[in-house]
Each structure stands twice: as structure tokens, then as C-alpha cells.
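Remarks on the overall topology
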Amino acid sequence: MADNSFVKIVKFIKNLLIYKVPVTRHPFVLEETKPPKPASPSEPISSLNELKTTVRFAYRVEKALRQTQTILSTNPTPDKIKAIQKELQSLELQIKETSPILLSYTAREKTADNGISASLEENITTITKLFELPDNNDFIIRQLFIPMKPALKAALLFSKTLVDKKDINSTILSPLFNAKNIDSLTGDVLTILTTQVLPINQVKTVRDFNSVLKAVQAGDTVLFVDGSAGAVLIETKGFEHRGISIPRIEQTIRGNQSSFTDTLLINISMVRLSLRTPDLVVDTITIGTRSQTDCAVLYLKSVANPSLLQEVKRRISEIKTDYLGAGMLEQFIEDHPSIPLPQILSTERPDRVTSHLAEGRIAILVDGDPFALIAPISFFTLFHSPEDFTLKMPAGLFNRVLRLLSGFLSMVFPAIYIAITYFHLEALPTDLVLAIAGARERIPFPSLIEIAFMEISLEFIREAGLRKPGLLGETLGIVGGIILGQAVVSANLISPITVVIVAITAIASFAIPDFRVGMAIRQVRFLFEIIAAMLGLIGVGSAIFVYIVVLCSMKSFGVPYMSPISPRTSSGLDVIARGPIYRQEKRPDELGPLAAKRQPSISRKWSLKHPKEDGTR
Amino acid sequence: MNYNPGKMGVAEGTSLVLTTNFVIIFVSVWSLIIEQAATSAWLIPPIAALAFAVMLMLLLSVMKHIPGDLLEVTASLLGNQAAKLFTVYFIITFYVYGILLLRQFSENTLITAIPTIDITTICAWFALIAVVVSYIGIEPIARAAYIIIPFLIIGIFLLLLLLHDRFNLYNLAPWLGVDISVLLTTGMKEASLYHSFFLIPLLAASFQNRRTLRITALLGIALSTLIRTITIFAYTGIFGVAVGKEKILPFFELSRLVFISRFIQRVETFFIIFWAIFGLAAIAISLYMTAYLLARLFNLPSLRPLLLPLALVAVQLSLLPADVATTIEYSQLAQHFELFGIFAIPAILFIANLLKGNEKSHVQ
């Protein structure tokens, strides 16, 4: 039965008056993870791998025997006999790899030190393990049959972001599919292919997976053929060299001078070229029911915290929207969207992405967006610049302290000025008080109005300059900044001291490396100024306290925003102070990386050796 | 219940207790101690700390064997009614402490910073900020305090360094002091200054483990005592007993003495920011603890709705004393009430634990 009006009113009043405990969602907290132990030969995993390899070999032998039986029971053609011959040769090669000692070594763990097997199936298993497939969808295995006499099973391995696809189609796949009249039994298949089939200037035959790894990550394509204990490295490099421009927002004097583009594949290739390890996994997720935007999650599998990775993927894959444009993803996945401070780092620099990936963070690249997102971060990360590490330690340290100071000044400097001029003039030396009083003598407005007027004018100039870039923007800056500033002082509307205060504050706010932090601080500054005008330094102190408490309550993907300062974790000389590079042995503890150490305690090993001691290869 | 904060470590715990315990250096405590112990005033903090540390360690030794926070331990040793009684006791101590701080800091604001403002306005402002930060949670308050405390300690030591030329060792002559029995009695009485350390066993569930509790308690007591001893020592040495006991705001008076040159002088204004922050933090922690204990007492699902009404009532109550001198008198009265908790509660629980232990061993 439906409620009558009286019951509805009572319920409404009850809802209004009685407090209901809000349903609190469980926030994600990044827990520490223990690194996985490397497998030892005595462990079951090793025996299992060994068994799997032997079973695969047994299946192959059985299959070959059945084929031989079938062929021989009918009237065999010379081609079919050749096929049997080829298969048996291949089995003969593979049988050597299944000797107990060799098998126990190679099957223990698929490492890059292993030699290439004569079995294509074994090679694909090793590649799958080494390149973290299928998680890492940046690498492609293209399986095919080469129609030689007899036909051969083969596979191509390449990175889709680093190769020139036209090269692969026209100079590898096309010739391979046309190699119909070539006898594969006349000699080594790889030699036949490189000398008679592949029309490419640079090819090389290798026998180990180390060379394969290096080549694939440099943009080469690798050809594996069943029955050959080797592979052919084919030159197919095709990543962007010239289309990449210099960073426009995060410029540095030294260091890398390239920036991301709008194309996802090019951006991934830029990161992969800086981090040439198969450990770098690229996982692609599609978001947006209508825009179908590709979003790549990049991480180092042996370093990144698995629960962090899971959380990042969970947040991205659970976005339900029809359109995801450039710069929008951040707001969908951050922890506190209503707080203006950024909780994810946004950078246009591939070198910055790689350095953060190496520390155990996760990078997100979105197709059509020239900015990479990096998570999790701390408040202090936003004050770091790539320049910090290209300059020497003292200079890097000085710049960092300067930036933090600029952040603090841009937030409270006008508020402190207002508080002192309104309530605490005794804090200033007498000469200074007289100077300020003299300058303000003919000004009709109180300090708060003066400061607010100047700051709003400055915001107009900034916004106008941004919307009208280039020469027009510069003109706006000159007209707005210099001419307007001079005019208001001459007209006795604003005192010179106010212009000085606002100018220092503006310069300080632009010294903060992250534009979004500058914006967030500018918004808070107005509030600080109003409170300072009401309650002086008590108000400023209260506002600072609330601001710090809010900062301490925030998290970026489960990592406390003010870490490693509060809560305190081992920081590794890269938070406020920037220590020498060779002393930064550990990765940030708050990220809970799988591999805590990134370099030995003595990384400058040469310094311990006598100059005449031969340490070179 | 959703109000138990996460896992706090030594840093957060120490910051919490230091903030609530340390903040009284900005009010009249130094003068009161000097009034009682004259030139030996600087010995009071170590004596008080020792007395309190013994009782706290007794309590923590009981908690080592029984899981849960102080109230749960009380419930398992003495029953639910005793636990409720203790909860009421702690609600009163924390709330009264918060109210008295609110009034004293509001008076400080009037005296030192904004003489033109109405006391009600400034009281309401402090209460409002306390509500906002308590609403965010105790863990962020502790973390914020951990960031700010080093600046305060550096500031205090810098201040003392700048005043070194005004220090007179004769102001500390022992023969101008009190005899040992007075010293010890006063020291024991001043153990009440450490009552805020009870928030460690009360929030035990929010700390990482029992070891964290013990380290936090010891580190907090040691740091707090060290800073207090040094500052009272310096204050007595600079002002002497006769002048020192007359000051209502000893720290403010001390900072007013700084004069290095015409340009570096009157630094007291810049300390306003520090004492405002610490005063607010201490009031917020007291408010949070009151709401937390009330929520525990009545088994409420959340403490947040209690914050605003508690703050409103606190503002009204803080305005009851006629002036700052009456507020200081009330503070001294509150000390007696706090002393009961400091000595009686750990002793009761310790004895109960011993008796229960004996009972168990008999049963076995």
C-alpha cells in the first residue's frame, strides 16, 4: 500500500533530522608485496617444465611417425618423402636438446641465455615467456608456412611499435610466400632463406635468445623456422625519427629533447627505445563506447607492485563513458577528483616516463593525447623536474628547494602581506613600515582590494596569453604586465608595494614545474587572502593547517600523497633533497616495488680500482 | 564502526602526543611551575615524566598480554561497567582539556595578535577549524603535525639561541629554590601534564602493534620532557623567578625579547602562526577523542555527527570563565581530576591483571 501524505511528510522530516551513516567505499591502500623467489632446479616448477618439454617432443615424434606411416602406406611422391626427410632431420636436431642435463637447465626457467631450439614450438614457448605474452600486446608472433619443397613452419617476431609494417609485408612476407620452387633440403634453411629469398640488405643469423631480444627491441624482425636451431634477424626499423618535436611545456636545458606525439604507437615506441627490456609490458585497454579510444598501460613487470597494477587496470577498465578525449582519463581514475591538486603526473617527456617506470610506477598513454599519465605520485613529485638529474647534485638540490619555496610563497605571500598590514604592523622594521605607509598614503583601496584587483588582472593576462599564443600572446603580456602595472601605479589606484608583492607571487607560481599545481595554488590563494584580511596571521596559520591536513588525508592510487615525509618511508634522497645519483640505491619504498634495489651500494665501481687495473672488456 | 583510523606508526603516534602535550608551552604553564618550584622548576618535567612513564609502562605491560585498546582491556579485566566508567572519565578529561585550551588560545589571540576581535568570534573560529580537521580524521592530523613539529622545534631552539646573551645562570641558583620534598610533590602533581598520552592506549587499535605503542610512548615522553626542561631552564635563566612567575604568556614574552638589529626584532609575530597551528591541532585532537569515546560509549556507527554539536557546546562552555585568570584556575582544578586517571587507572588494571593471572594459574 502506498504511503499517504502524512506518512510521506513524517518520513521526509525523519530523513532530514536523523543522521544516516554514509556508505563508505573501501579506499584502495597499497600494501607491501614480497618479491617472487627465483625458481631453483629442485623446485616442482622446474620438473614440470622439463616434463612439458619432453611430452611436447614425444607428441611431435608420434605425429611424425603417424605421418610417415600414412605417407608410406600410400604411393609416396618425391615431395612427400622430402617432407618426411625434413621432419626427421628436425627431430634429430631436437633430440640433442632433450638430453637430461641440457633439458634440466633450459626447462628450469626460460631465460635469454637459452639457445634457440630446433623446434618452433619450443621457441614460441620461450618467446612467450621472455616477452611476457599475451600481457604484452606490443610484441607480435606471426606464424606462417613457407611453401618451399617441403613446406616449412615458421614464425616472425617483431614489435608493432618499432617496425616498418610496409617493410615486413613487402620484403619479408611476400618473398616468403613466393618461395615455392626452392628446395629446402639442399642445405641449411636459414642460409637458403637469407641468400635466395629475402631481398633485404641487412640480415644476420643468430643462435641465442639474447641477440633476439636486443634485435626485437631495436626494431628488427626475427624469423624462426621449424627444424633450424637458429633465427634470422632482419632489419625493419621503422620508428619515428623526425616527426618528434621538442617539449613545449617541460623544456630543459640539458637532457632528452623529444616529446610525445598524438599517436599511441609512436609514443609506445619512444618509451620502448629508452627501456629496451622485454620486462616492459604494454597492455592495451579500449575505453569509450563511441570513441573506442586505445589506452596503453605500461609497466616493468619485475618491478611494479602487482596490486597497484591491478588497481590501475581495474579503474581504467571500469570507466563507462561514450567518449574519452585527450586529457580526460585522469579525472576518471584519480582518487580525489574534487580536490584541485593533481594526483597523477602528466608529462610530455618520454625520458620522464621511463625514469618513473624504472622506479616502479605505472604509465598510461592514451591514443590522441601527447601527454603520458604516471601514477602513483606524491605531492613532492610535482615539484621535480627532469632537469634535476641532468645537472649536478648541488644545482639540482638548489633548484628543488627554490621550487618548493616558490610553491609556498605563491600560496601565502600576499596573505601574509595582508595580515601584516591589517593586524601586525609591529612585525616589520620601522623603516619598512614607513615606506609602506608612504607608498599607500594616496591609495583609496584597502590592501585586500588592491591585491585582489592585481591578481585578477594577472589571471586575465595569463588566460588571454594562453588563448592567443605566439606574438599576440607576448604583446598581451607586455601591454598587460608593464603598461597596465605602470598606469595603475601612476593613477594612484594601486601602491607600488602591491605590484611588487603580486609580481613576486606570480613569478613564484610560474616557477612550479607542474602547471596544474600552479593553478590549484592560485585558487587557494584567494581564500587565504580573505581569511588573512579577517583574522590576520591566526587566519593564515589556520588555513595552512587545514591545507596540510587535507594534503595528508589524500592518496594517489593507495599511496599517501605526502609520503615519504608523512607517513615516513625510506626515501632514497630524491624527495626534497636531491642526492647524488650514485647514492640512490633503492626504489621508493612507498610504492612497494617487487625489486627494492636498483643499483649496488657502490655503483661507481671504477673508483675502487687502480687506474692501471684493467677493467675494460 | 567506521571511525577507526588506519595503521599509525611511531612517527604519527609521537606527533599526536607531542602536539597535545607540547602545546601548553604556549600558555601559562611555565609561570605556574616556576611559582611552585622556583629555580628548580626545570627539574619538574623530568620528575613528572618519570612518575608518568612508570604508570604508563604498567598499563602497557597489562596491554601486552590482552588484545584490544584500553577500554577493551578494561572490559576483559573488570567488566563492561568499569569500561564504561573509564570511558566517561576519559570523555570528561579530553573534553575539559579541549575547552580550556580553546579559551586560553582565544585569550592569547586577543592579547597578542588581534586585540580588536570579539572573543566569541575567535572561539568559534578555532572550534570551526577543529571540527573541519577532526572530520577529516585523526591520522591526517597526526601526519600534518609530524610535518610541522620539526619547524617548531627548530624555531624554539633558534629563539633560545638568539636570547643567549640574556641568560643569567644566577637566576637558577639552587639555594633560591625549594626543598626536595616540595620538588618531588610538585613533580608528581605535574604528572597530570602528560595525561594526553592516554590517547596511545585508547587508540591502540589504530597503531600497528604493541611494540609501536611502547616506542611511541617512550619516545613521546622523552622528547616532550627534553624540550620542556630546556625551555623552562632557559626561561628561568632569562627572566628569573620573580619576573618569570608573573607572565601569563611566557613563550610570547620570551620571543619579544629578541633584538639582533633594527631589522631583526619583534619576531613574536611570526610565532603566532606556529602557536595557532599547534593550538588548533591540540583542540582538534581533544575534540576527536571526545567524539570517538562518546561513539564507543553509545556504540554509535559514526563519530562525525557528534563533532559539530560537541564543538558548539565547547564554545559555550569555554566562554563561561570570567577571564583568563579564572580559566587558569580551572585548569589547575582539572589537573587533580587528571591525576586520578594517571595513577589510579594503570594501578587498578595492573592489580586486576595480576589477580586474574593468579586465578588462571590456580585453575590450571
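Refer to the structure above for everything that follows.
Residues numbered from 1 in each chain as written. Chains lettered and ligands numbered in written order. Predicted model: local features only at pLDDT ≥ 70, side-chain atom pairs only at ≥ 80, totals over all residues. Heavy atoms only, no water.

What follows concerns the overall build of chain A. Per the secondary structure count, chain A includes 19 helices and 12 strands. Projected onto its principal axes, the C-alpha positions of chain A cover 115 × 85 × 50 Å. When the 617 residues of chain A are sorted by exposure, 47% land in the buried category. In chain A, once contacts between residues fewer than 6 apart in sequence are set aside, the share between residues at least 24 apart is 69%. Accessible area for chain A stands at about 30900 Å²; split by element, carbon and sulfur atoms hold 61% of it. (Helix = DSSP H or I, 4+ residues; strand = E, 2+ residues; numbered from the N terminus. Buried < 20%, exposed > 50% of the residue type's maximum accessible area, 1.4 Å probe, protein only. Contact = heavy atoms within 4.5 Å. Areas by Shrake-Rupley, 256 points an atom, 1.4 Å probe, with all protein chains shown as cover.)

This part takes up the packing of aromatic side chains. Evaluated as defined, the whole model comprises 26 aromatic pairs over all chains. Each residue in the set B:Phe52, B:Tyr89, B:Phe90, B:Tyr194, B:Phe197, B:Phe198, B:Phe337 and B:Phe340 is aromatic and connected to the rest through ring pairs, giving one cluster. The cationic tip of A:Arg604 hangs over the ring face of A:Tyr582; the distance from NZ or CZ to the ring centre is 4.7 Å. A cation over a ring is seen here: B:Arg228 above B:Tyr194, with NZ or CZ 4.9 Å from the ring centre. (Phe/Tyr/Trp six-rings, centres within 6.5 Å; stacked < 30°, edge-to-face > 60°. Lys NZ or Arg CZ within 6 Å of the ring centre and 35° of its normal.)

Once that is clear, we can look at the interface of chain A and chain B. Listed by partner, the interface residues are 35 residues for chain A and 36 residues for chain B. On the chain A side of the contact with chain B, A:Leu535, A:Ile538 and A:Phe545 bury the most area, a combined 21% of that side's loss. Linking chain A with chain B are zero salt bridges, by the criterion used here. At the junction of chain A and chain B, the tally comes to three residue pairs in polar contact (both at pLDDT 80 or more). When residues of the side of chain A that touches chain B are assigned to their parent elements, the largest contribution, 16 residues, is made by helix α19 (residues 515-553) of chain A. (Buried area = accessible area lost by both parts, 1.4 Å probe. Salt bridge = Lys/Arg side-chain N within 4 Å of Asp/Glu carboxyl O. Polar contact = N/O pair within 3.5 Å; in protein donor to acceptor, adjacent residues only side chain to side chain.)

Our next topic: the sheet that holds strand β5 (residues 231-234) of chain A. Residues and elements named next belong to chain A. Spatial ordering of the open sheet is given by β1-β2-β4-β5-β3, a layout of five strands whose pairing is antiparallel. Only two strands of the sheet have a single neighbouring strand rather than two, namely β1 (139-146) and β3 (203-206). With strand direction ignored, the average angle separating the axes of adjacent strands in the sheet is 25°. Across four bridges, strand β2 (residues 152-159) lies against strand β4 (residues 221-225) in antiparallel orientation. Along β4, the bridge assignment pairs Leu156 with Leu223. The sheet contacts of helix α5 (residues 120-130) involve β1, β2 and β4, and relative to β2 the element is tilted by about 15°. Running over the sheet, helix α7 (residues 189-197) touches β1, β2, β3, β4 and β5 and is turned about 135° from β4. (Pairing = 2+ DSSP bridges. Axes fitted to C-alpha atoms, helices over the stretch in contact; angles between N-to-C directions.)

Glancing now at unusual backbone geometry. Residues and elements named next belong to chain A. Across the junction of Leu133 and Pro134, the peptide omega takes the value 5°, indicating a cis bond. Take Pro134: it is sitting in the loop between α5 and β1. In the segment running from Ala375 into Pro376, the intervening peptide bond is cis, with an omega of -10°. In this structure, Glu132 is a non-glycine residue whose phi angle is positive, near 55°. Position of Glu132 among the secondary structure elements: in the loop between α5 and β1. In this model, Asn492 sits at a positive phi of 60°, which is unusual for a non-glycine residue. Mapped onto the elements of the fold, Asn492 is located in the loop between α17 (471-490) and α18 (496-510). Looking at Asn492, the relative accessible area reads 23%, which means it is partly exposed.

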